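# Summary of the model geometry
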Amino acid sequence: MSEVKLTAETRTEFGKGAARRIRRENKVPGVLYGHGSDPLHLTLPGHDLLLALRTPNVLISLDIDGKSNELAIPKAVQRDPLKGFLEHVDLQLVKRGEKVTVEIPVLTEGELAAGGNLLEHVLNALPVETEATHIPEGVTVSIEGLGAGDSVLAKDITLPKGTTLAVEEDAVVLQVLAAQAEEAPEGEAAEGEEAAEA
């Protein structure tokens, strides 16, 4: 897992007005918390943070005011619902070797059995416990040949070394649904009746 270095500044202004000023400077307000320490309010570089957050569970090395270096992972990201820009980010302080609970993406490979079945992602991300500096980018699950009624449980997924489930073993992650029967003939009849009535 790659580590992204960001330069952060502590901030002393709070509230909507201060947050707007920070965003106008293409920066993002954030909070760093964890390990029983007081929350540290930060200003982060907007563009660099946006690029870093493209990687799920990215490990961020923070240079804070040029005085201290801290490792953190993103815990909550708020975006503008219309324009999509970053409004605020919560970062969790981590240490090398420490275990953290995160959600990693579930990817699939292979083809379902013939018959027009549908794959439902019950869990788009799998909760796991892993070392903070070795968070997997995701897990890949084979769906080759699965048919209607089949499912993949959390315990069926092979996890990378040093990673354990943080969800019930019997939790359904993926399931295959039977294709819905089309109701086109009824629809056609209804249209024909409407035409007759008109």
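For the structure itself, look to the data block above.
Keep in mind the model is a prediction, meaning the values are calculated, not measured. (Residues numbered from 1 in each chain as written. Predicted model: local features only at pLDDT ≥ 70, side-chain atom pairs only at ≥ 80, totals over all residues. Heavy atoms only, no water.)

We now examine the side chain of threonine 163. Assignment of secondary structure puts threonine 163 in the loop between strand S11 (151-153) and strand S12 (164-165). Engagement of the side chain of threonine 163 in a polar contact is seen with the side chain of threonine 130, the distance being 3.1 Å. Apart from the residues within four sequence positions on either side, threonine 163 is in contact with Val128, Glu129, Thr130 and Pro136. (Helix = DSSP H or I, 4+ residues; strand = E, 2+ residues; numbered from the N terminus. Polar contact = N/O pair within 3.5 Å; in protein donor to acceptor, adjacent residues only side chain to side chain. Contact = heavy atoms within 4.5 Å.)

This part covers the sheet that holds strand S7 (residues 99-109). Reading across the sheet, the four strands line up as S10-S7-S9-S12 and stay open at both edges, with mixed pairing between neighbours. Of all the strands in the sheet, just strand S10 (139-142) and S12 have a single pairing partner and so form its edges. Bridge count for S7 against S10 is four bridges, and the pairing is parallel. Residue pairing across strands places valine 106 opposite valine 139, the latter belonging to S10. (Pairing = 2+ DSSP bridges.)

Another aspect to go through is the pairing of strand S1 (residues 3-10). Consecutive residues of a regular strand have side chains that alternate between opposite faces of the sheet. Here S1 pairs with strand S4 (residues 59-64) via six bridges, running parallel. Note on S4: the bridge partner recorded for glutamate 3 is leucine 59. Judged from the two bridges that link them, S1 and strand S3 (residues 37-45) form a sheet pairing that is antiparallel. Considered in S3, the bridge of glutamate 9 is made with threonine 43.

What follows concerns helix H1 (residues 16-24). Taken together, the buried positions of H1 are occupied by Ala18, Ala19 and Ile22. Seen end-on, H1 carries its buried residues on one side only, within an arc spanning 100°. Along H1, exposed side chains directed more than 90 degrees from the buried face belong to Lys16 and Arg24. Residues of H1 that are buried in the fold lie against strand S2 (27-34) and S3. Taken from the residues just after H1, asparagine 26 is the one with a positive phi, measuring 60°. (Buried < 20%, exposed > 50% of the residue type's maximum accessible area, 1.4 Å probe, protein only. Arc of directions from axis to C-beta.)

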